[in-house]
Amino acid sequence: MSQRLKIAGWVSVGALAGALTTVSLQTVARGSLAPLPLEELQQLAAVFSMVKSDYVEPVDDKKLISDAIAGMVASLDPHSQYFDKKSFKEFREGTSGRFVGVGIEISQEDGLVKVVSPIEGSPAFRAGLKPGDLITKIDETAVKSLSLSDAVKRMRGEPNTKVMLTIYRKDENRSFPVTITREEIKTQSVKGKVIEPGYAWIRLSQFQERTVEDFANKVQEIYRAEPNLRGLVLDLRNDPGGLLDAAVAVSAAFLPENVTVVSTNGQLNESKFTYKAAPEFYQRRAGADPLRRLPAALKNVPLVVLVNEGSASASEIVAGALQDHGRAKILGSQTFGKGSVQTVRPLGPDTGLKLTTARYYTPSGKSIQAKGIVPDVLIDESEEGNLFSVLRTREADLEKHLSSGQGAEVKDPAREKAREEARKRAEEDAKKGPDARRPPEFGSDKDFQLVQALNQLKGRPVLVSKTQVIENKAEKKEN
């Protein structure tokens, strides 16, 4: 390295180390933590300087630092994240239930974006996208090179702008382009109806800012239609979670006042907290409590909660609280196991940090993290069995996932065997027609798990799973 570069490097070291030392002192004052190590800070500054001076082409300072922060945070666990200006805006939109995009729920399959479901009435719905469609290109960018979050960013944008999606439809073995005009999407997180005289179904697809208000409205609507309700099914299947206060409120709707809903524990004193079934723990702003409008009978109506591998975070909090207090029977499959708390802290007017700060614990003190909620009654997703649920990724399968904090995790060989069998069945199933493969819509008369939930409420025989594999079986027996 030339003398000039050495000098430039050490000037950068001094400036960056000085800035980070200031951060370190602030951290010490805030949390009584040890100061950051100077030698490692000097190495970081040296790398920054070398990239700036030696890289093949100029690199923007802000991008380098932003990427360094993003990499540092991403190395912690799958849920901690640095938000730049654009991703911070998208995060806020996601919790509000409104965003500008094409209107599809998606997952990832073989490196491609898979359409789980188009949102009813959305541009994607009107364009004819179907569950199971694979998106191979977004405009001219191949999806194979993108993370799921990057794919979402490219599909979102400004209202009335266009995006071209290249779709591969397995059923028809063809690819075709679809041009969609973006618009504001308003997601509806609560659905419900009277299934038959005396019995109703309410589905929560996500816990958003409007969920509690919409939930209260739906309950009132159901009781107006059926004043003599004898049983209710709360459907949390494939609910990825969302806002903690919304989960506490929904739990409080069914539980006695002031009982524990969930507790958290982490390094900071503010991370050690117990949330109870009372307005001060779930009211986000001043105003009337939506739960006060609910009929008193809701506190005692027989209740079944449906969960599956896609039920995570806030939905696991609700299921765990209702299970521990004996308020509901939980039916379905072992849940995802996302039992960690993410705190979002602004770093400026347009950027922020989502950091894992604590673990969630059910009222009885069980950690949800990497374990999930084990149902009281295991129910398959169809009469033929839990065909492919074992192939779905759970928290414990994620790289760098946080442990439960309650003993070592034990991998069950039986689950791997079940996965291999499911893979073979999936290959055979792919040869069938699309109608034979498509699962029934949640809440329909062909919804096998809902039928079993109604049987449970009526005291009729329930078709219990004979094939499902429960992780941490020893712990479940112990508890």
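Below is a short write-up of the structure. (Residues numbered from 1 in each chain as written. Predicted model: local features only at pLDDT ≥ 70, side-chain atom pairs only at ≥ 80, totals over all residues. Heavy atoms only, no water.)

### What to know about the overall build of the chain
Right, so step 1: From N to C terminus, the chain includes 13 helices and 19 strands.
Right, so step 2: Taking as baseline every contact in the chain between residues at least 6 positions apart, the subset at least 24 positions apart corresponds to 69%. (Helix = DSSP H or I, 4+ residues; strand = E, 2+ residues; numbered from the N terminus. Contact = heavy atoms within 4.5 Å.)

### Looking at the packing of aromatic side chains
Right, so step 1: With the rule as written, the count across this model stands at 4 aromatic pairs.
Right, so step 2: For the pair Phe-215 and Phe-254, a centre-to-centre distance of 6.0 Å together with 65° between the ring planes defines the contact as edge-to-face. Of this pair, Phe-215 sits in helix 7 (residues 211-225) while Phe-254 sits in helix 8 (residues 244-254); the two residues are 39 residues apart in sequence, bridging distant segments of the chain.
Right, so step 3: The exposure class assigned to Phe-215 is buried, which follows from its relative accessible area of 0%.
Right, so step 4: The exposure class of Phe-254 is buried, given its relative accessible area of 1%.
Right, so step 5: When the centroid spacing of 4.8 Å and the interplanar angle of 65° are considered together, the rings of Phe-273 and Tyr-275 count as edge-to-face.
Right, so step 6: Under the relative-accessibility criterion, Phe-273 is labelled partly exposed at 38%.
Right, so step 7: Through a chain of ring-to-ring contacts, the aromatic side chains of Phe-273, Tyr-275 and Phe-281 assemble into a single cluster. (Phe/Tyr/Trp six-rings, centres within 6.5 Å; stacked < 30°, edge-to-face > 60°. Buried < 20%, exposed > 50% of the residue type's maximum accessible area, 1.4 Å probe, protein only.)

### A short note on the sheet that holds strand 16 (residues 329-332)
Right, so step 1: With mixed pairing, the 6 strands of this open sheet are ordered in space as 10-11-12-15-16-19. One side of each edge strand has no neighbouring strand; the edge strands of this open sheet are strand 10 (190-196) and strand 19 (377-378).
Right, so step 2: Sheet topology places strand 12 (residues 231-235) next to strand 15 (residues 303-307); 4 bridges connect them, and they run parallel. In the strand pairing of strand 15, Leu-232 is matched with Leu-303.
Right, so step 3: Its contacts with the sheet place helix 12 (residues 448-458) against strand 10, strand 11 (199-204), strand 12, strand 15, strand 16 and strand 19, and it is angled at close to 155° to strand 15. (Pairing = 2+ DSSP bridges. Axes fitted to C-alpha atoms, helices over the stretch in contact; angles between N-to-C directions.)

### Remarks on the pattern of salt bridges
Right, so step 1: For the structure on display, the rule yields 19 salt bridges.
Right, so step 2: Here Arg-210 makes a salt bridge to Asp-214, at a shortest N to O gap of 2.8 Å.
Right, so step 3: Given the relative accessible area of 47%, Arg-210 is considered partly exposed.
Right, so step 4: You can call Asp-214 buried: its relative accessible area is 14%.
Right, so step 5: One salt bridge in this structure joins Glu-213 and Arg-293, with 3.3 Å as the shortest N-O distance. Taken as a pair, Glu-213 in helix 7 and Arg-293 in the loop between strand 14 (273-276) and strand 15 lie far apart in primary sequence, 80 residues in all. (Salt bridge = Lys/Arg side-chain N within 4 Å of Asp/Glu carboxyl O.)

### Some details on the environment of Lys-52
Right, so step 1: Checked against the element boundaries, Lys-52 lands in helix 2 (residues 38-54).
Right, so step 2: Lys-52 sits in the partly exposed class, given a relative accessible area of 37%.
Right, so step 3: Through-space distance from the C-alpha of Lys-52 to that of Leu-64 is 8.8 Å; in sequence the pair is 12 residues apart.
Right, so step 4: If sequence neighbours within four positions are ignored, Lys-52 has contacts with Val-59, Asp-61 and Leu-64.

### Quick look at the nonpolar core
Right, so step 1: Core analysis: the biggest nonpolar cluster contains 54 residues, and Leu-234 and Phe-254 have the highest contact counts within it.
Right, so step 2: Those elements that place two or more of their residues in this core are strand 11, helix 7, strand 12, helix 8, strand 13 (260-265), strand 15, helix 9 (314-324) and strand 18 (352-361).
Right, so step 3: In terms of residues, this core owes the most to one element, helix 8, which gives 9 residues.
Right, so step 4: In this structure, Leu-234 is in contact with Ile-202, Leu-204, Val-250, Phe-254, Leu-303, Val-304, Val-305, Leu-306, Val-318 and Leu-322, ignoring residues within four places of it in sequence.
Right, so step 5: Residues Val-102, Ile-104, Leu-129 and Ile-167 belong to the second largest nonpolar core, which totals 18 residues. (Core = buried A, V, L, I, M, F, W, Y, C linked by side-chain atoms within 4.5 Å.)

### As for the pairing of strand 17 (residues 340-346)
Right, so step 1: In the sheet, strand 17 pairs with strand 18 via 7 bridges, with the strands oriented antiparallel. In the sheet register, Arg-345 faces strand 18, and the bridge partner there is Leu-353.
Right, so step 2: Hairpin geometry of strand 17 and strand 18 is characterised by an intervening segment of 5 residues between the two adjacent antiparallel strands.

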